[in-house]
Amino acid sequence: MYLFCIYNNINRVITILCFYVSMEFVEENEKYDVIISNSTEYPGHVIEKWTRQGHLHRVGKPALMVRDEHGIEVLSQFYSWGRLHRDDGPASVLISGTTRCAEWYAWGVRSRLDGPAIIHQNINSGVVMLERYIYENQIHRTRGPAFTYRNSRSGQVLHELFYKRGTLHRLKGPASIEYDQSSGSVISTSYYKNGLLHRDRGLPAVQKFDAVSGEEFEKYYYVNGVEQPNLDHVKPEKPSPD
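Residues numbered from 1 in each chain as written. Predicted model: local features only at pLDDT ≥ 70, side-chain atom pairs only at ≥ 80, totals over all residues. Heavy atoms only, no water.

1. A few points about the environment of Pro62
Within the fold, Pro62 resides in the loop between strand 5 (55-56) and strand 6 (64-67). Once the C-alpha coordinates of Pro62 and Tyr79 are considered, the two residues, 17 residues apart in sequence, prove to be 6.9 Å apart. Not counting the four nearest positions on each side in its chain, Pro62 is found in contact with Trp50, Ser76, Gln77 and Phe78. (Helix = DSSP H or I, 4+ residues; strand = E, 2+ residues; numbered from the N terminus. Contact = heavy atoms within 4.5 Å.)

Set out below in C-alpha cells:
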C-alpha cells in the first residue's frame with residue numbers, strides 16, 4: 001500500500017497523488033482480488049476493481065467503481081468474467097455533471113429487450129433526455145421510435161428516429177421527426193426505407209414546416225436514396241399549334 005496526500009487548508013480537501021491497495025476479500029463464499037488505486041482515466045478520482053482469476057467479476061454487485069475526491073460514486077459497472085453484464089438493471093451507470101447515464105449490457109454486448117438500452121436523465125429535473133433502444137449492439141425497435149431526444153428541462157420531445165436492425169427504416173410514417181422546442185409542433189419529417197431516403201406515390205420524402213403556422217415551406221423528393229425532380233414547380237408545356 002502506498003499513499004501520499006496533500007491537505008489543502010483553504011478548500012479543506014485531500015488531494016491524493018499516489019494511491020494503491022491490493023487485498024483479498026471473500027464475499028458470498030467467493031474469493032476476490034480487490035484493487036483500489038488512482039484512476040488514470042478520471043484524474044483526482046479513486047478506482048476500485050473486483051477480480052477473479054484476472055477477470056473483472058463480481059456476483060450481484062458492481063465489479064468496478066470510481067469515486068471522486070468527496071467519496072461520491074460517479075461510475076459503477078457490473079462484470080461477469082471480464083464482460084459487462086447484468087440481469088436485473090443497467091450494467092453501467094455514469095454520473096457526468098447533472099446527467100445520469102445508464103447502459104444495459106448482456107455478456108459484453110449492449111442489448112436490452114424490455115426497454116431502452118441507453119438512458120440519459122437530468123438529475124435535477126428528473127427528465128429523461130435521451131432514450132436509445134438497442135438489441136445486440138444494433139439500434140432497433142419494432143414498435144415506436146428507437147431514439148428519442150427531449151429538452152432537459154421541459155421534457156418536450158425534440159427528435160424521434162425509427163430504426164430497424166441499425167438502419168433508419170419505417171414503412172407507415174416518417175422515420176425521422178423533429179419538433180419545435182417551444183410549441184412542440186412538427187418542424188421536419190424524413191421518410192426512410194432500409195437506410196435510404198424514400199417515399200412512394202410521388203410524395204415528398206423530406207418536409208419542413210413552419211413552427212407557428214404548421215405550413216410546409218420546403219420539400220424534397222427521394223426514391224431509394226436518389227433525389228427526384230420537384231414537379232410542383234414545373235409548368236406544363238403549351239400545346240404546339242397544328
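2. As for the packing of aromatic side chains
In the structure shown here, the tally under the stated rule is one aromatic pair. Centroid distance Tyr32 to Trp50: 5.4 Å. Interplanar angle 70°. Geometry classified as edge-to-face. Placement of the pair is Tyr32 in strand 3 (residues 30-38) and Trp50 in strand 4 (residues 46-52), with a sequence separation of 18 residues. Overall, the relative accessible area of 6% leaves Trp50 in the buried class. Over the ring of Tyr133 we find Arg141; its NZ or CZ atom is 4.0 Å from the centre of that ring. For Arg170, the ring lying beneath its charged end belongs to Phe162, and the centroid distance is 3.9 Å. (Phe/Tyr/Trp six-rings, centres within 6.5 Å; stacked < 30°, edge-to-face > 60°. Buried < 20%, exposed > 50% of the residue type's maximum accessible area, 1.4 Å probe, protein only. Lys NZ or Arg CZ within 6 Å of the ring centre and 35° of its normal.)

3. Brief notes about unusual backbone geometry
One non-glycine residue, Asn194, lies in positive phi territory at about 55°. Looking at the secondary structure, you find Asn194 in the loop between strand 24 (192-193) and strand 25 (196-197).

4. Let's talk about the nonpolar core
The biggest cluster of nonpolar side chains holds 24 residues, and the ones touching the most others in it are Trp104, Leu161, Tyr163, Leu168, Tyr192, Leu197 and Tyr222. Excluding residues that lie within four positions of it along the chain, Tyr222 makes contacts with Leu197, His198, Arg199, Ala205, Val206, Glu227 and Gln228. In terms of nonpolar packing, the next biggest core, distinct from the first, is built from 18 residues, Val34, Trp50, Met65 and Leu84 among them. (Core = buried A, V, L, I, M, F, W, Y, C linked by side-chain atoms within 4.5 Å.)

5. Some points on the confidence of the model for the protein
Across the protein, the average pLDDT comes to 88, with 87% of residues at or above 70. Note on residues 1-17: pLDDT is under 50 here. Beyond four places in sequence and across chains, it has 27 contacts. Low pLDDT, under 50, characterises residues 234-242; the predicted model gives this stretch zero contacts beyond four residues in sequence or across chains. (pLDDT = per-residue confidence, 0-100.)

6. Comments concerning the side chain of Asn122
Its location among the elements puts Asn122 in strand 14 (residues 118-122). Here Asn124 takes part through its backbone nitrogen, which lies 2.9 Å from a polar atom of the side chain of Asn122. Among the polar contacts listed, one links the side chain of Asn122 to the backbone nitrogen of Ser125, at a separation of 2.8 Å. Those residues in contact with Asn122 that sit more than four places away from it in its chain are Thr98, Val127, Met129 and Ser152. (Polar contact = N/O pair within 3.5 Å; in protein donor to acceptor, adjacent residues only side chain to side chain.)

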